[in-house]
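Summary of the model geometry
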Amino acid sequence: MAEFQAGKFCSDLDDIYGRTAKLTGVSVSTVRRIVDEGFKNESKLVTHGKHRQGRPKKQIDDFDLCAIRQKAPTNASTVNKIKLWLLENNIPFDESLRKPYLLMLVKKHKPELVYHIDGLLGDHGHTVIRLPLYHCDLNPIELVWAMVKKRIAQKNVGGQNVAKLAEEAFQSVTPQEWKNCVEHVKSIEKEYFTRGRTLYNEIDRLFVSVCDDSSSDSEEVEVD
């Protein structure tokens, strides 16, 4: 009986191989070889004739790790690293807490980012004042970049060495040109301050006007 069942099982398996070969347009031997390789590779089948490349690994920029003096854990951090950070910052926590609750503690006690450049300049008596977001017009270096790129473009004809042209362009920027760029940015800052003061005055005037109109309407309703 067992032999009969085993023979019937093999017969059914041969039938499956045959039907698979017929549907896919390959030979029965090819189907058998693919199945055999699947068993050898722990059911990880490989498509023959195709060499698939995996997803390219992203190269994580380590700028943050170099620039930030103290960085709090994130969702990508392991539980052990989160606990270590909490211990180093003297933040009490229950050892049985899961990762989401540990991250809530991190978020609650997370300090502001401290950058190495702040400490470096602070040691030499300087204070870092950061520009507002999306205001490249307040950065003199942008004007210098534009100046350098223009000089490179003027000489980049006929297969020139761009690296050499860039170095020459940077060296050609004079202290007076730097000063002019800084003065130009200062004039833009002054214009922003003037506009901001005018804008706030207009907002205050509009607010007072709206409040007065509302008071007048209320008085008219009471009189009626």
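Residues numbered from 1 in each chain as written. Predicted model: local features only at pLDDT ≥ 70, side-chain atom pairs only at ≥ 80, totals over all residues. Heavy atoms only, no water.

Overview of the overall build of the protein chain
Condition: Elements are defined by DSSP. Helices are runs of H or I of four residues or more, strands are runs of E of two residues or more, and each kind is numbered from the N terminus. Relative accessibility decides the category of a residue: with a 1.4 Å probe and only protein chains considered, values under 20% of the type maximum give buried, values over 50% give exposed, and everything between is partly exposed. Note on contacts: a residue pair is in contact if any heavy atoms of the two residues lie within 4.5 Å. In these tables, accessible area is a Shrake-Rupley quantity obtained with a 1.4 Å probe, and a residue counts as shielded only by the protein chains included in the view.
When its secondary structure is counted, the protein chain shows nine helices and two strands. Secondary structure elements of the protein chain, listed N to C terminal, follow the sequence α-α-α-β-α-α-β-α-α-α-α. Burial status across the protein chain gives 16% buried among its 224 residues. Contacts in the protein chain between residues far apart in sequence, at least 24 positions, make up 43% of those at least 6 positions apart. As displayed, the protein chain offers around 19300 Å² of accessible surface, 57% of which is attributable to carbon and sulfur atoms.

A closer look at helix H4 (residues 79-88)
Test applied: In this context, the arc is that of the directions from the helix axis out to the C-beta atoms.
When H4 is considered as a whole, its buried residues turn out to be Ile82, Lys83, Trp85 and Leu86. Here the buried residues of H4 occupy an arc of 160° about the axis, which is enough to place them on one side. In H4, the exposed residues that point more than 90 degrees away from the buried face are Asn80, Lys81, Leu87 and Glu88.

Structural notes on the nonpolar core
Our working rule: Buried Ala, Val, Leu, Ile, Met, Phe, Trp, Tyr and Cys residues form a nonpolar core when they are joined through side-chain atoms within 4.5 Å.
Residues Ala72, Ile82, Trp85, Leu86, Ile91, Phe93, Leu102, Leu103, Leu105 and Val106 constitute the largest nonpolar core, which totals ten residues. Those elements that provide at least two residues to this core are H4 and helix H5 (99-109). Here this core takes four residues from H5, the largest share from any one element. When sequence neighbours within four positions are dropped, the list of residues in contact with leucine 105 reads Leu86, Pro92, Phe93 and Leu97. Within the second largest apolar cluster, nine residues are counted, among which are Val144, Ile152, Val173 and Cys181.

Notes on unusual backbone geometry
Residue asparagine 90 is not a glycine yet carries a positive backbone phi of 55°. Within the element layout of this structure, asparagine 90 appears in the loop between H4 and H5. Taking the relative accessible area as the measure of exposure, asparagine 90 reaches 69% and is therefore exposed.

A few points about helix H8 (residues 162-172)
Worth spelling out the cut-off: In protein, a polar contact requires one atom able to donate a hydrogen and another able to accept it; more generally it is a pair of N or O atoms within 3.5 Å, and residues adjacent in sequence count only if both atoms are side-chain atoms.
Listed in full, the buried residues belonging to H8 are Leu165, Ala166 and Ala169. The buried residues of H8 all sit within an arc of 100° when viewed along its axis, so they share a single face. For H8, the exposed residues lying more than 90 degrees away from the buried face are Ala163, Lys164, Glu167 and Gln171. Regarding H8, its N-cap is asparagine 161, as a side-chain oxygen of that residue lies 3.2 Å from the backbone nitrogen of alanine 163 further along.

Some details on the packing of aromatic side chains
How two aromatic rings sit relative to each other is set out by the distance from centre to centre and by the angle between their planes. Let me state the cut-off plainly: The pairing test for Phe, Tyr and Trp rings, Trp by its six-membered ring, is centres within 6.5 Å, and the orientation test on the planes gives stacked under 30 degrees, edge-to-face over 60, and tilted for anything in between.
Using the criterion set out here, one finds one aromatic pair in the structure. Ring centres 5.4 Å apart and planes at 85° place the aromatic pair tryptophan 145 and phenylalanine 170 in the edge-to-face group. On the criterion of sequence distance, the pair formed by tryptophan 145 in helix H7 (residues 140-155) and phenylalanine 170 in helix H8 is long-range, its members being 25 residues apart. The class of phenylalanine 170 is partly exposed, set by a relative accessible area of 40%.

Side note on the confidence of the model for the protein chain
Cut-off, in case you're wondering: Note: pLDDT gives the predictor's confidence per residue, expressed from 0 to 100.
Summing up the model confidence of the protein chain, the mean pLDDT is 75 and the portion of residues at 70 or higher is 69%. Note on residues 1-11: pLDDT under 50 across the span, and zero contacts to partners over four residues away in sequence or across chains. Confidence drops under a pLDDT of 50 for residues 55-63, and excluding neighbours within four residues, the segment shows zero contacts in the predicted structure.

Here's the deal with the packing of H4 against H5
Applicable threshold: Working convention: axes come from line fits to C-alpha atoms, limited for helices to the stretch in contact. Angles between N-to-C directions cover 0 to 180 degrees. The hand of a helix crossing depends on one turn: near helix anticlockwise from the far one by less than a right angle means left-handed, and clockwise means right-handed. Residue type decides the class: Asp, Glu, Lys and Arg count as charged, Ala, Val, Leu, Ile, Met, Phe, Trp, Tyr, Cys and Pro as nonpolar, and the leftover types, Gly among them, as polar.
Contact pair H4 / H5: the axes reach a minimum separation of 10 Å and the direction vectors enclose 35°. Both H4 and H5 take part in a crossing whose hand is left-handed. Of the residues in H5, those in contact with Val79, Ile82, Lys83, Trp85 and Leu86 of H4 are Lys99, Leu102, Leu103, Leu105, Val106 and His109. Residue composition of the contact of H4 with H5, by class: eight nonpolar, one polar and two charged.

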